[in-house]
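# Observations on the three-dimensional arrangement
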Amino acid sequence: MTLPDRRQVLRYALLAGMSGAGAVTLSGCIGSGLVPGLSKNAGSNGLDPSKARIITTAAHTAKGASLTSAYRAGKGLGPVTENAKLQRMAEGHALAMARTGKVEHSIGFGDNFVRRLYASGYDAQEAAENIAGGFDTIEEAMIGWQTSAGHRKNLLKPAVREIGIGVSQNPTTHLETYWAMVLGVQVRA
(Lines give C-alpha, C1' and ligand atoms only; values in the text may rest on other atoms or scores of the structure.)
Protein backbone atom coordinates (compact mmCIF):
# COMPACT_ATOMS: atom_id res chain seq x y z
CA MET A 1 0.00 0.00 0.00
CA THR A 2 1.40 3.40 -0.98
CA LEU A 3 1.20 6.13 1.63
CA PRO A 4 -0.80 9.16 0.54
CA ASP A 5 0.94 12.51 0.10
CA ARG A 6 1.29 14.29 3.47
CA ARG A 7 -0.78 17.23 2.19
CA GLN A 8 -3.68 14.84 1.53
CA VAL A 9 -3.87 13.19 4.95
CA LEU A 10 -1.70 14.95 7.49
CA ARG A 11 -4.08 17.75 8.36
CA TYR A 12 -4.44 17.11 12.05
CA ALA A 13 -6.03 19.39 14.53
CA LEU A 14 -6.79 19.13 18.20
CA LEU A 15 -8.30 21.55 20.59
CA ALA A 16 -8.72 22.32 24.22
CA GLY A 17 -10.74 24.99 25.85
CA MET A 18 -10.96 26.37 29.32
CA SER A 19 -14.29 27.57 30.60
CA GLY A 20 -14.68 30.41 33.03
CA ALA A 21 -14.94 27.76 35.74
CA GLY A 22 -11.41 26.58 34.91
CA ALA A 23 -12.47 23.24 33.44
CA VAL A 24 -10.53 21.83 30.51
CA THR A 25 -12.40 20.19 27.68
CA LEU A 26 -11.09 18.22 24.73
CA SER A 27 -13.13 17.49 21.64
CA GLY A 28 -12.75 16.88 17.95
CA CYS A 29 -9.44 15.10 18.52
CA ILE A 30 -7.95 13.19 15.64
CA GLY A 31 -4.74 11.23 16.15
CA SER A 32 -2.26 10.09 13.55
CA GLY A 33 -3.11 6.48 14.38
CA LEU A 34 -6.45 6.98 12.60
CA VAL A 35 -4.91 7.62 9.18
CA PRO A 36 -4.99 4.44 7.06
CA GLY A 37 -1.53 3.09 6.37
CA LEU A 38 0.17 5.55 8.71
CA SER A 39 1.32 4.36 12.11
CA LYS A 40 1.09 6.52 15.21
CA ASN A 41 4.88 6.79 15.20
CA ALA A 42 5.23 7.63 11.52
CA GLY A 43 8.04 10.05 10.97
CA SER A 44 9.72 9.16 14.27
CA ASN A 45 12.50 7.38 12.41
CA GLY A 46 14.99 10.11 11.78
CA LEU A 47 13.16 12.64 14.00
CA ASP A 48 15.70 15.27 15.00
CA PRO A 49 14.37 17.61 17.71
CA SER A 50 17.31 19.96 17.16
CA LYS A 51 15.95 20.79 13.68
CA ALA A 52 12.77 22.33 15.14
CA ARG A 53 12.56 26.10 14.96
CA ILE A 54 10.01 28.81 15.49
CA ILE A 55 9.18 30.52 12.21
CA THR A 56 6.39 32.82 13.37
CA THR A 57 6.53 36.22 11.68
CA ALA A 58 4.66 39.46 12.26
CA ALA A 59 2.73 38.57 9.09
CA HIS A 60 1.54 35.29 10.65
CA THR A 61 0.27 36.99 13.79
CA ALA A 62 -1.30 39.95 12.00
CA LYS A 63 -2.98 37.68 9.42
CA GLY A 64 -4.14 35.26 12.10
CA ALA A 65 -5.70 38.08 14.12
CA SER A 66 -7.25 39.58 10.98
CA LEU A 67 -8.71 36.28 9.73
CA THR A 68 -10.03 35.41 13.18
CA SER A 69 -11.56 38.86 13.63
CA ALA A 70 -13.19 38.73 10.19
CA TYR A 71 -14.60 35.26 10.87
CA ARG A 72 -15.95 36.40 14.24
CA ALA A 73 -17.43 39.58 12.70
CA GLY A 74 -19.34 37.43 10.23
CA LYS A 75 -20.94 35.73 13.22
CA GLY A 76 -21.71 39.00 15.03
CA LEU A 77 -18.78 38.77 17.48
CA GLY A 78 -16.08 41.27 18.38
CA PRO A 79 -12.51 41.28 17.06
CA VAL A 80 -9.36 39.92 18.67
CA THR A 81 -6.08 41.76 19.14
CA GLU A 82 -2.58 40.37 19.45
CA ASN A 83 -1.26 39.69 22.96
CA ALA A 84 2.44 39.16 23.67
CA LYS A 85 1.90 36.61 26.48
CA LEU A 86 -0.44 34.51 24.37
CA GLN A 87 2.02 34.84 21.48
CA ARG A 88 4.90 33.45 23.54
CA MET A 89 2.66 30.65 24.82
CA ALA A 90 1.55 29.70 21.30
CA GLU A 91 5.10 29.78 19.96
CA GLY A 92 6.36 27.65 22.84
CA HIS A 93 3.78 24.98 22.21
CA ALA A 94 4.23 25.03 18.44
CA LEU A 95 7.96 24.48 19.05
CA ALA A 96 7.27 21.60 21.47
CA MET A 97 5.10 19.93 18.83
CA ALA A 98 7.79 20.41 16.17
CA ARG A 99 10.43 18.91 18.47
CA THR A 100 8.34 15.81 19.15
CA GLY A 101 6.45 15.51 15.87
CA LYS A 102 3.20 15.29 17.85
CA VAL A 103 0.05 17.40 17.51
CA GLU A 104 -1.12 17.22 21.11
CA HIS A 105 -2.12 19.63 23.83
CA SER A 106 -0.04 17.77 26.43
CA ILE A 107 3.52 16.98 25.45
CA GLY A 108 5.63 15.51 28.19
CA PHE A 109 5.02 15.04 31.88
CA GLY A 110 3.09 17.86 33.49
CA ASP A 111 2.53 19.78 30.26
CA ASN A 112 -1.03 20.77 29.50
CA PHE A 113 -2.96 23.81 28.35
CA VAL A 114 -3.97 25.04 31.81
CA ARG A 115 -0.43 24.76 33.19
CA ARG A 116 1.05 26.52 30.18
CA LEU A 117 -1.56 29.25 30.45
CA TYR A 118 -0.76 29.77 34.14
CA ALA A 119 3.01 29.77 33.46
CA SER A 120 2.56 32.39 30.73
CA GLY A 121 1.40 34.95 33.29
CA TYR A 122 -1.80 35.57 31.35
CA ASP A 123 -4.57 36.02 33.95
CA ALA A 124 -7.34 34.35 31.94
CA GLN A 125 -10.99 34.61 32.65
CA GLU A 126 -11.56 32.36 29.64
CA ALA A 127 -9.14 30.84 27.15
CA ALA A 128 -8.98 28.28 24.37
CA GLU A 129 -6.32 26.65 22.23
CA ASN A 130 -6.43 25.37 18.66
CA ILE A 131 -3.49 23.38 17.34
CA ALA A 132 -2.74 21.80 13.99
CA GLY A 133 0.01 20.24 11.95
CA GLY A 134 0.71 19.88 8.26
CA PHE A 135 -0.79 23.12 6.98
CA ASP A 136 1.57 25.30 4.98
CA THR A 137 -0.11 28.68 5.55
CA ILE A 138 -2.13 30.47 8.21
CA GLU A 139 -5.00 30.62 5.72
CA GLU A 140 -5.01 26.81 5.40
CA ALA A 141 -4.86 26.35 9.19
CA MET A 142 -7.75 28.80 9.64
CA ILE A 143 -9.89 26.95 7.08
CA GLY A 144 -9.12 23.70 8.90
CA TRP A 145 -10.13 25.18 12.24
CA GLN A 146 -13.26 26.83 10.82
CA THR A 147 -14.48 23.57 9.32
CA SER A 148 -13.98 21.57 12.53
CA ALA A 149 -16.86 21.89 15.01
CA GLY A 150 -14.68 21.98 18.13
CA HIS A 151 -12.14 24.41 16.70
CA ARG A 152 -14.90 26.62 15.35
CA LYS A 153 -16.40 26.71 18.85
CA ASN A 154 -13.09 28.05 20.17
CA LEU A 155 -12.86 30.67 17.41
CA LEU A 156 -16.37 31.82 18.24
CA LYS A 157 -16.13 32.00 22.04
CA PRO A 158 -18.01 35.25 22.67
CA ALA A 159 -15.82 36.45 25.54
CA VAL A 160 -12.36 36.14 23.95
CA ARG A 161 -10.65 39.37 22.95
CA GLU A 162 -6.95 38.49 22.50
CA ILE A 163 -4.92 36.08 20.40
CA GLY A 164 -1.48 34.58 20.04
CA ILE A 165 -0.28 32.57 17.02
CA GLY A 166 2.75 30.31 16.91
CA VAL A 167 4.20 28.40 13.99
CA SER A 168 7.20 26.07 13.98
CA GLN A 169 8.82 23.74 11.50
CA ASN A 170 10.84 20.59 11.66
CA PRO A 171 11.70 19.00 8.29
CA THR A 172 12.50 15.68 10.00
CA THR A 173 8.87 15.11 11.07
CA HIS A 174 6.03 13.76 8.94
CA LEU A 175 3.97 16.98 9.34
CA GLU A 176 6.83 19.49 9.07
CA THR A 177 4.79 22.57 10.12
CA TYR A 178 3.00 23.01 13.46
CA TRP A 179 0.47 25.69 14.41
CA ALA A 180 -0.83 26.87 17.77
CA MET A 181 -3.47 29.55 18.38
CA VAL A 182 -4.37 30.72 21.87
CA LEU A 183 -7.44 32.87 22.40
CA GLY A 184 -8.32 34.53 25.67
CA VAL A 185 -9.83 37.29 27.74
CA GLN A 186 -8.15 38.51 30.90
CA VAL A 187 -9.77 38.82 34.29
CA ARG A 188 -10.97 42.37 34.82
CA ALA A 189 -9.68 44.10 37.94
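Refer to the structure printed above.
## Considerations on the packing of helix H3 (residues 84-100) against helix H4 (residues 113-120)
As a packed pair, H3 and H4 sit with axes 9 Å apart at the nearest point and diverge in direction by 135°. Considering the angle they form, H3 stands oblique to H4. Taken as a pair, H3 and H4 cross one another with a handedness that is right-handed. Counted together, Lys85, Leu86, Met89 and His93 of H3 and Phe113, Arg116, Leu117 and Ser120 of H4 form the full contact between these two elements.

## Some points on the pattern of salt bridges
A complete count under the given rule lists two salt bridges for this structure. Here Arg116 and Glu129 are joined by a salt bridge, their closest N and O atoms 2.8 Å apart. Here Glu129 lies in strand E5 (residues 124-133) and Arg116 lies in helix H4, a separation of 13 residues in the sequence. Of the two residues examined, Arg116 and Glu129, each falls in the buried class. Residue Glu126 pairs with Lys157 through a salt bridge whose shortest N-O separation is 3.5 Å. One end of the pair, Glu126, is in strand E5; the other, Lys157, is in the loop between helix H6 (149-155) and strand E6 (162-169), with 31 residues separating them in the sequence. Neither Glu126 nor Lys157 differs from the other in exposure class; each is buried.

## Details of the side chain of Glu91
Tracing the backbone shows Glu91 in helix H3. Buried within the structure, Glu91 lacks any salt-bridge partner; Arg88 is the closest side chain of opposite charge, at an N-O distance of 7.6 Å. Within the structure, Glu91 has its side chain in polar contact with the side chain of Thr56 (distance 3.3 Å). Once you skip the residues sitting within four places of it in the chain, Glu91 turns out to touch Ile54, Thr56, Ile165, Gly166 and Ser168.

Criteria and cut-off values
Residues numbered from 1 in each chain as written. Predicted model: local features only at pLDDT ≥ 70, side-chain atom pairs only at ≥ 80, totals over all residues. Heavy atoms only, no water. Axes fitted to C-alpha atoms, helices over the stretch in contact; angles between N-to-C directions. Helix = DSSP H or I, 4+ residues; strand = E, 2+ residues; numbered from the N terminus. Parallel < 35°, antiparallel > 145°, perpendicular 65-115°, else oblique. Left-handed = near helix turned anticlockwise from the far one by under 90°. Contact = heavy atoms within 4.5 Å. Salt bridge = Lys/Arg side-chain N within 4 Å of Asp/Glu carboxyl O. Buried < 20%, exposed > 50% of the residue type's maximum accessible area, 1.4 Å probe, protein only. Lys, Arg positive; Asp, Glu negative; His and termini not counted. Polar contact = N/O pair within 3.5 Å; in protein donor to acceptor, adjacent residues only side chain to side chain.

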